[in-house]
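Architecture at a glance
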Amino acid sequence: MTHEKTQSPPRRPNILWITTHDINPHLGCYAGAYPGAEHAVTPHLDDLASEGLRFDNAFASAPICAPSRSAIITGCHPASIGTIHMRSKAVPPAGVRMFTEHFREAGYYVTNNSFTDFQMATPSSAFDECSDTAHWRDRPDPDQPFFATFHGLITHESQIHLDDESFEERVPHVRPEDRHAPEDVELPPYYPDTQVFRVAWARYLDLIGEMDHWVGTILQQLEDDGLAQSTIVVFWSDHGRGMPRAKRWANDSGLHEPLIIRWPGRITPGARTEALVHLMDLAPSMLAAAGLEVPDHMQARPFLDSSGRLDEHTNDYVFASRDRMGDLHDMSRTVRDSRYRYIRHYHPDRSPMQHCTYPDGLSTWAEMRRLATAEVTQRAIGDLPSSLTPLQRTLVAPSKPEEELYDLLEDPHEEHDLAGDREHAETLARLSTALTDWQERIGDLGFLTEDELQERWRPGGDWPRTPEPEVVVAHGAVEARCSESSATIIWSDDPPAAHEPEVPPSAADSMGSPRNAIGSPVPDGRAWRIHCAASPIPADRPAWVRAVRLGWQPSADVAVAVAVGS
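Residues numbered from 1 in each chain as written. Predicted model: local features only at pLDDT ≥ 70, side-chain atom pairs only at ≥ 80, totals over all residues. Heavy atoms only, no water.

1. Concerning the overall build of the protein
What the protein contains, in helices and strands, is 14 helices and 19 strands. For the protein, the C-alpha radius of gyration of 24 Å lies close to 24 Å, the compact-globule estimate for 566 residues. Across its three principal axes, the protein shows a C-alpha extent of roughly 90 × 55 × 50 Å. For the protein, buried positions account for 59% of its 566 residues. Within the protein, residue pairs in contact and separated by at least 24 positions form 72% of the contacts whose partners lie at least 6 positions apart. Looking at the protein as shown, the accessible area adds up to about 22900 Å², and 50% of this sits on carbon and sulfur atoms. Each charge sign in the protein was given a centre, from 51 positive and 86 negative side chains, and these centres are 2 Å apart. (Helix = DSSP H or I, 4+ residues; strand = E, 2+ residues; numbered from the N terminus. Rg over C-alpha atoms; globule rule 2.2 N^0.38 Å. Buried < 20%, exposed > 50% of the residue type's maximum accessible area, 1.4 Å probe, protein only. Contact = heavy atoms within 4.5 Å. Areas by Shrake-Rupley, 256 points an atom, 1.4 Å probe, with all protein chains shown as cover. Lys, Arg positive; Asp, Glu negative; His and termini not counted. Charge placed at Lys NZ, Arg CZ, Asp CG, Glu CD.)

2. Looking at the sheet that holds strand β10 (residues 318–322)
Sheets are built from strands paired through backbone hydrogen bonds, the pairs being either parallel or antiparallel. Ordered in space as β10-β11-β12-β13, the four strands form an open sheet in which the pairing is antiparallel. Sheet topology places β10 and β13 (403–407) at the edges, where each strand pairs with a single neighbour. In this sheet, neighbouring strand axes are inclined to one another by 15 degrees on average, regardless of whether the strands run parallel or antiparallel. Sheet topology note: the strand β12 (residues 340–345)/β13 ladder contains five bridges and is antiparallel. Each bridged residue has a counterpart across the sheet, and for arginine 344 the counterpart in β13 is glutamate 403. Contacts from helix α12 (residues 425–442) reach β10, β11 (332–336), β12 and β13, with the element oriented near 60 degrees to β12. (Pairing = 2+ DSSP bridges. Axes fitted to C-alpha atoms, helices over the stretch in contact; angles between N-to-C directions.)

3. Looking at the packing of aromatic side chains
Counted by the stated rule, this structure contains 18 aromatic pairs. A ring pair is formed by tryptophan 17 and tryptophan 236, whose centres lie 5.7 Å apart and whose planes are at 90 degrees; its orientation type is edge-to-face. Of this pair, tryptophan 17 sits in strand β1 (residues 14–20) while tryptophan 236 sits in strand β6 (residues 231–237), and the two are 219 residues apart along the sequence. Here tryptophan 236 falls in the buried class, since its relative accessible area comes to 2%. For the pair phenylalanine 103 and phenylalanine 147, a centre-to-centre distance of 4.9 Å together with 70 degrees between the ring planes defines the contact as edge-to-face. Residue phenylalanine 103 is located in helix α4 (residues 100–105), and its partner phenylalanine 147 is located in strand β5 (residues 146–151); the two are separated by 44 residues in the primary sequence. Phenylalanine 147 shares its class with phenylalanine 103; the two are buried. Clustering of aromatic rings is evident, with ring pairs tying together Trp17, Phe99, Phe103, Tyr108, Phe147 and Trp236. Positioned over the ring face of tyrosine 30 is arginine 54, at 5.3 Å from the centre of the ring. Over the ring of tryptophan 249 we find arginine 322; its NZ or CZ atom is 5.9 Å from the centre of that ring. (Phe/Tyr/Trp six-rings, centres within 6.5 Å; stacked < 30°, edge-to-face > 60°. Lys NZ or Arg CZ within 6 Å of the ring centre and 35° of its normal.)

4. Notes on the packing of helix α1 (residues 43–50) against helix α7 (residues 195–224)
Viewed as axis vectors pointing N to C, α1 and α7 meet at an angle of 55 degrees, and their least axial separation amounts to 7 Å. As judged from the angle between their axes, α1 and α7 are oblique. Residues Pro43, His44, Leu45 and Leu48 of α1 pack against Met211, Asp212, His213, Val215, Gly216 and Leu219 of α7. Looking at side-chain class alone, the contact of α1 with α7 contains six nonpolar, three polar and one charged residues. (Parallel < 35°, antiparallel > 145°, perpendicular 65-115°, else oblique. Nonpolar A, V, L, I, M, F, W, Y, C, P; charged D, E, K, R; others polar.)

5. Thoughts on the pairing of strand β3 (residues 109–113)
Counting buried residues along β3, five of its five residues qualify, which places the element largely inside the surrounding structure. Taken together, the five bridges between β3 and β5 define a ladder with parallel strand orientation. Bridge assignment links asparagine 113 to a residue of β5, and that residue is phenylalanine 150. As paired elements, β3 and strand β4 (residues 129–130) share two bridges and run parallel to each other. From the neighbouring strand, asparagine 112 faces β4, where its bridge partner is cysteine 130.

6. With respect to the pattern of salt bridges
For the structure on display, the rule yields 39 salt bridges. We note a salt bridge from aspartate 225 to arginine 137, for which the minimum N-O separation is 2.8 Å. Of this pair, aspartate 225 sits in the loop between α7 and β6 while arginine 137 sits in the loop between β4 and β5, and the two are 88 residues apart along the sequence. When the shortest N-O distance is used, the salt bridge between glutamate 484 and arginine 549 registers 4.0 Å. On the criterion of sequence distance, the pair formed by glutamate 484 in the loop between β15 (477–481) and β16 (488–492) and arginine 549 in the loop between β18 (543–548) and β19 (558–560) is long-range, its members being 65 residues apart. (Salt bridge = Lys/Arg side-chain N within 4 Å of Asp/Glu carboxyl O.)

7. Examining the side chain of glutamate 404
If you trace the backbone, glutamate 404 turns up in strand β13. In this structure, glutamate 404 is buried with no salt-bridge partner, the nearest side chain bearing the opposite charge being arginine 245 at 5.5 Å. At 2.4 Å, the side chain of glutamate 404 and the side chain of tyrosine 406 are in polar contact. With residues near it in sequence (within four places) discarded, glutamate 404 still touches Asn251, Arg341, Tyr342, Ile343, His345, Asp417 and Ala419. (Polar contact = N/O pair within 3.5 Å; in protein donor to acceptor, adjacent residues only side chain to side chain.)

8. Quick notes on the layout of surface pockets
Unfilled space is identified by rolling a water-sized probe across the atoms. The volume enclosed by the second largest pocket comes to roughly 670 Å³. Taken together, 29 residues make up the lining of the second largest pocket; nearest its centre are Phe127, Asp128, Glu129, Ala527 and Trp528. Those elements that place two or more of their residues in the lining of the second largest pocket are β4 and β17 (529–530). Residues belonging to the lining of the second largest pocket are distributed by class as follows: 15 nonpolar, seven polar and seven charged. (1 Å grid on protein atoms, 1.4 Å probe; cavity = no way out; pocket = protein on both sides within 12 Å on 5 of 7 lines; lining within 4 Å. Points joined across faces, edges and corners; volume = space filled by probe spheres on them.)

9. Notes on empty space enclosed by the protein
In this structure the tally under the stated criterion is four cavities of 30 Å³ or more. In this model, the largest cavity occupies a volume close to 110 Å³. Taken together, 13 residues form the lining of the largest cavity, with Trp17, Ile73, Phe118, Thr149 and His151 sitting closest to its centre. Broken down by secondary-structure element, the contributors of at least two residues to the lining of the largest cavity are α2 (65–74) and β5. Within the lining of the largest cavity, the residues separate by chemical class into eight nonpolar, four polar and one charged. Taken as a whole, the second largest cavity encloses approximately 60 Å³ of empty space. Around the second largest cavity, the lining residues are Val96, Arg97, Met98, Glu101, Pro123, Ser125, Ser486, Thr488, Val548, Arg549 and Leu550.

10. Some details on helix α9 (residues 282–289)
Within α9, eight of the eight residues are buried, which leaves it mostly tucked inside the rest of the structure. Positioned one or two residues after α9, glycine 291 has a phi angle of 75 degrees, which is positive.

11. Things to note about the pairing of β1
When you tally the buried positions in β1, you get seven out of seven residues, the bulk of the element. Where β1 and β5 come together, five bridges link them in parallel fashion. By the bridge assignment, threonine 19 is partnered in β5 with histidine 151.

Laid out in structure tokens, this is it:
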């Protein structure tokens with residue numbers, strides 16, 4: 001354990017990200033700002049919000065994990081860089097990098113614990129450590145600033161649908177008096193009032209309570225190490241909750257996220273903002289907060305600067321995309337301003353709840369299909385369907401409208417589609433134009449088939465390989481460059497193993513996701529550093545140099561044997 005209470009504070013702030021999966025702003029601190037938030041029991045996150053800034057209008061760039069996370073790690077819209085389909089191995093345009101590389105080049109110790117799922121293989125240049133044990137406490141110098149990320153999986157949709165015994169094992173820190181009884185929960189109106197949905201909603205809230213305890217343990221470690229006052233803490237979730245009409249939907253319920261930032265001495269405690277922000281705006285915002293330059297390739301915009309000043313007008317609109325999700329093929333785009341959400345569906349002939357193998361195995365999806373089937377049976381005997389309300393029926397309808405429009409101020413659950421309302425024709429036209437302009441501006445790749453995208457990325461199915469770097473040793477220094485301008489040069493003084501490590505296809509993370517599929521880095525037992533002013537290739541010992549380019553295979557190693565004392 002480091003003891004920074006006796007150390008001089010780093011010149012730049014430390015940064016701690018704590019993230020979770022599959023929730024909306026159902027945290028106690030969002031009571032009154034988000035419907036149903038008042039029922040959550042989240043004392044640690046409530047305290048964090050009371051000490052920092054609560055964002056009331058933060059939105060994901062996609063309503064599902066990997067596309068959303070690709071936007072956050074690159075600062076680019078998924079529809080622009082091709083990371084739209086869940087899952088895929090995209091090759092972003094030249095110049096696009098994972099933003100964490102910029103922090104490493106600035107001398108930060110950068111860790112990821114440990115989920116990736118960025119739609120690309122995670123290169124060795126992205127983190128100093130990416131593992132289930134990665135921690136700021138492992139940095140070699142206690143004065144070195146750090147950027148540490150902890151990804152929690154407690155609230156992932158899979159946990160809602162466990163058997164009773166397994167679920168109880170998942171929530172050991174939720175006190176009996178804080179548990180949610182299914183008979184007492186309040187369901188959104190687009191869910192049928194059945195035991196299945198009541199149990200799912202109660203479990204969703206209990207998992208949020210357990211997640212809050214986990215957040216508290218990390219914040220306590222920060223406090224114990226004397227780092228709380230010198231660290232920017234950010235909490236966020238990747239997209240909406242893992243139930244129908246949320247995760248995988250382009251509605252507000254699929255995209256509206258909690259975002260809390262604490263920065264002692266820079267951000268006024270207990271502040272809140274209605275500024276429109278994308279979660280992907282976090283990438284340039286963290287760079288700007290640390291006093292680092294925001295790269296030109298980023299489409300996201302910083303909402304914070306190094307003084308902690310918030311730009312309340314970062315975005316006039318926020319945008320998101322919905323494309324293939326597993327074996328569910330669709331394409332929707334959406335835009336939101338401070339009040340209205342407009343959704344455009346490119347396959348209105350397809351059901352909003354098409355077959356999708358993974359979620360179809362979850363209880364809430366199965367319940368919606370059971371009730372839809374019950375209505376078919378009612379029709380078969382001449383009765384009117386009554387198992388679902390008209391609103392609930394839209395979830396499992398055989399088609400969907402070409403356009404949807406909702407007034408979130410008056411209609412937070414998006415019950416009333418205003419797309420056909422003449423009184424809102426001007427609003428619809430304005431948002432439709434804003435969406436089209438955005439698509440043209442970023443070059444929306446959703447209009448290409450996946451086969452066309454893959455052929456662009458990997459012609460004939462062949463993975464491009466980053467060219468080997470050219471290494472020159474002169475005047476006691478080592479220089480390296482690569483003919484691929486988008487490549488990052490990395491080096492290690494750990495010798496390579498006799499055989500390159502391989503990740504078995506069956507290797508999985510803690511949630512059972514195949515590590516190859518989510519792009520986890522291949523553990524090779526070697527520490528890789530970026531060749532830059534903060535960590536130049538050593539000239540006093542042997543080293544191995546390679547080049548990496550996002551979406552490509554890394555180059556072969558180039559050995560640099562330097563005699564000691566040269």
